[in-house]
Amino acid sequence: MKIIGFIASPRKEGNTAWIVNKILEGAKEEGAETQSWSISDLDIKPCQSCYGCRHGELGGQSDLRCIINDDMQKLYDALEHADALVLGSPVYMGQMSAQAKIFTDRLFATNHPRFSPQFKERNTAKKKLILVFDQGNPDSDMFQLYFDYTKNMFQLLEFDVKDVVVVAGMRNGPAHERKDLHTVLKDIGLSLVSERFPE
Ligand SMILES: Cc1cc2nc3c(=O)[nH]c(=O)nc-3n(C[C@H](O)[C@H](O)[C@H](O)COP(=O)(O)O)c2cc1C
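A few points on the structure. Just so it is clear, the model here is predicted, and its values are computed rather than measured.

1. Considerations on empty space enclosed by the protein
Then, number 1: Within this structure, the stated rule accounts for three cavities of 30 Å³ or more.
Then, number 2: Of the volumes computed, that of the largest cavity is approximately 120 Å³.
Then, number 3: If you go around the largest cavity, you meet 16 residues; those closest to its centre are Cys47, Gln48, Cys50, Cys53 and Cys66.
Then, number 4: Contributions of two or more residues to the lining of the largest cavity are made by helix H2 (52-55) and helix H4 (98-106).
Then, number 5: Of the residues contributing to the lining of the largest cavity, the split by class is 10 nonpolar, three polar and three charged.

2. What to know about the pattern of salt bridges
Then, number 1: Enumeration according to the criterion identifies 12 salt bridges in this entry.
Then, number 2: A salt bridge links Lys12 to Asp41; its shortest N-O distance comes to 3.2 Å. Of this pair, Lys12 sits in the loop between strand S1 (2-7) and helix H1 (15-29) while Asp41 is found in the loop between strand S2 (33-38) and H2, placing the two residues 29 residues apart along the sequence.
Then, number 3: The partner of Glu29 in a salt bridge is Lys186, and the shortest N-O contact between them spans 2.9 Å. Here Lys186 lies in helix H7 (residues 179-194) and Glu29 lies in helix H1, a separation of 157 residues in the sequence.
Then, number 4: Taking the relative accessible area as the measure of exposure, Glu29 reaches 56% and is therefore exposed.
Then, number 5: By sharing partners, the salt bridges in this structure join Lys22, Glu25, Glu29 and Lys186 into a single network.

3. Considering the pairing of strand S5 (residues 159-167)
Then, number 1: Across eight bridges, strand S4 (residues 127-134) lies against S5 in parallel orientation. Across the sheet, the residue bridging to Ile130 is Asp163, located in S5.
Then, number 2: Note on the crossover from S4 through helix H6 (residues 144-156) to S5: the handedness is right-handed.

4. Digging into unusual backbone geometry
Then, number 1: Positive phi values are uncommon outside glycine, yet Tyr51 reaches one of about 60°.
Then, number 2: Take Tyr51: it is sitting in the loop between S2 and H2.
Then, number 3: Tyr51 sits in the partly exposed class, given a relative accessible area of 39%.
Then, number 4: The backbone phi angle of Glu158 is positive, close to 75°, even though this residue is not glycine.
Then, number 5: Following the sequence through the fold, Glu158 ends up in the loop between H6 and S5.

5. Section: the site of the ligand
Then, number 1: Inspection of the region around the ligand gives 16 residues, with Arg11, Asn15, Thr16, Val91 and Asp134 positioned closest.
Then, number 2: Between Asp134 and the ligand, the recorded distance is 2.6 Å, taken from a side-chain N or O atom to an oxygen atom.
Then, number 3: Residue Gly136 places a main-chain N or O atom 3.1 Å away from a nitrogen atom belonging to the ligand.
Then, number 4: For the ligand, the accessible surface in isolation is 650 Å², of which the surrounding protein chains cover 72%.
Then, number 5: Each residue belonging to the shell around the ligand can be placed in one class, and the counts come to six nonpolar, eight polar and two charged.

6. Description of the packing of H1 against H7
Then, number 1: Look at H1 against H7: their axes get within 6 Å of each other, and the N-to-C directions meet at 55°. Relative to H7, H1 is oriented oblique. Two packed elements cross with a definite hand, and for H1 against H7 that hand is right-handed. Along its contact with H1, which presents Trp18, Ile19, Lys22, Ile23, Glu25, Gly26, Ala27 and Glu29, the element H7 presents Leu181, His182, Leu185, Lys186, Ile188, Gly189, Leu190 and Val193.

What counts as what
Residues numbered from 1 in each chain as written. Predicted model: local features only at pLDDT ≥ 70, side-chain atom pairs only at ≥ 80, totals over all residues. Heavy atoms only, no water. 1 Å grid on protein atoms, 1.4 Å probe; cavity = no way out; pocket = protein on both sides within 12 Å on 5 of 7 lines; lining within 4 Å. Points joined across faces, edges and corners; volume = space filled by probe spheres on them. Helix = DSSP H or I, 4+ residues; strand = E, 2+ residues; numbered from the N terminus. Nonpolar A, V, L, I, M, F, W, Y, C, P; charged D, E, K, R; others polar. Salt bridge = Lys/Arg side-chain N within 4 Å of Asp/Glu carboxyl O. Buried < 20%, exposed > 50% of the residue type's maximum accessible area, 1.4 Å probe, protein only. Pairing = 2+ DSSP bridges. Right-handed = clockwise from strand over helix to strand, strands pointing away. Near = heavy atom within 4 Å. Polar contact = N/O pair within 3.5 Å; in protein donor to acceptor, adjacent residues only side chain to side chain. Areas by Shrake-Rupley, 256 points an atom, 1.4 Å probe, with all protein chains shown as cover. Axes fitted to C-alpha atoms, helices over the stretch in contact; angles between N-to-C directions. Parallel < 35°, antiparallel > 145°, perpendicular 65-115°, else oblique. Left-handed = near helix turned anticlockwise from the far one by under 90°. Contact = heavy atoms within 4.5 Å.

Given below as structure tokens:
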């Protein structure tokens, strides 16, 4: 099983990176092949609403793909071969970070069946997704409506959302100092591989 982590925080050594990598560590220990990308390291432009992914750059049916030639093309390639994703974002102003939003908008191109022949083939099995949010506020229910909405949006994008992980209270200290999190996060990665998720 191939699992890719996407870290949508500008802080490379921050909470989001640590949390996503801990989940991947658990998955790797269970036999998964893992990889992670820091979205801030990449040049990813916002969706231009050109609908090239729907109608084709030249209006043809054979070239349906995102036509923006930037680093998102690397992520499309990675996504094609992935069985599962872990997308982590810090909560900024009660929502996902700008980096996460730009990445998510660009996924618009991928839910078209003709995004690429390989993607179409693999797309018959939905890709599993774990959404991860971390926030300063200690109340993990504070942004529940937004988390539910985001889960639903990813389901509409044809992802099989397995879990929404909310790590709260980051204003009291960095995630890696929270001893309780180590096992919990690794277990989430393990569950992603073993499919033992509570319904
Ligand atoms: C611009 C900005 C906006 C934020 N907005 C919120 C917020 O609305 N609610 C909250 O609980 N924490 C908020 N935070 C705190 C971050 O979500 C929290 O510190 C997070 O763990 C940072 O992740 P990182 O270490 O990966 O950068 C905000 C932080 C920044 C920089």
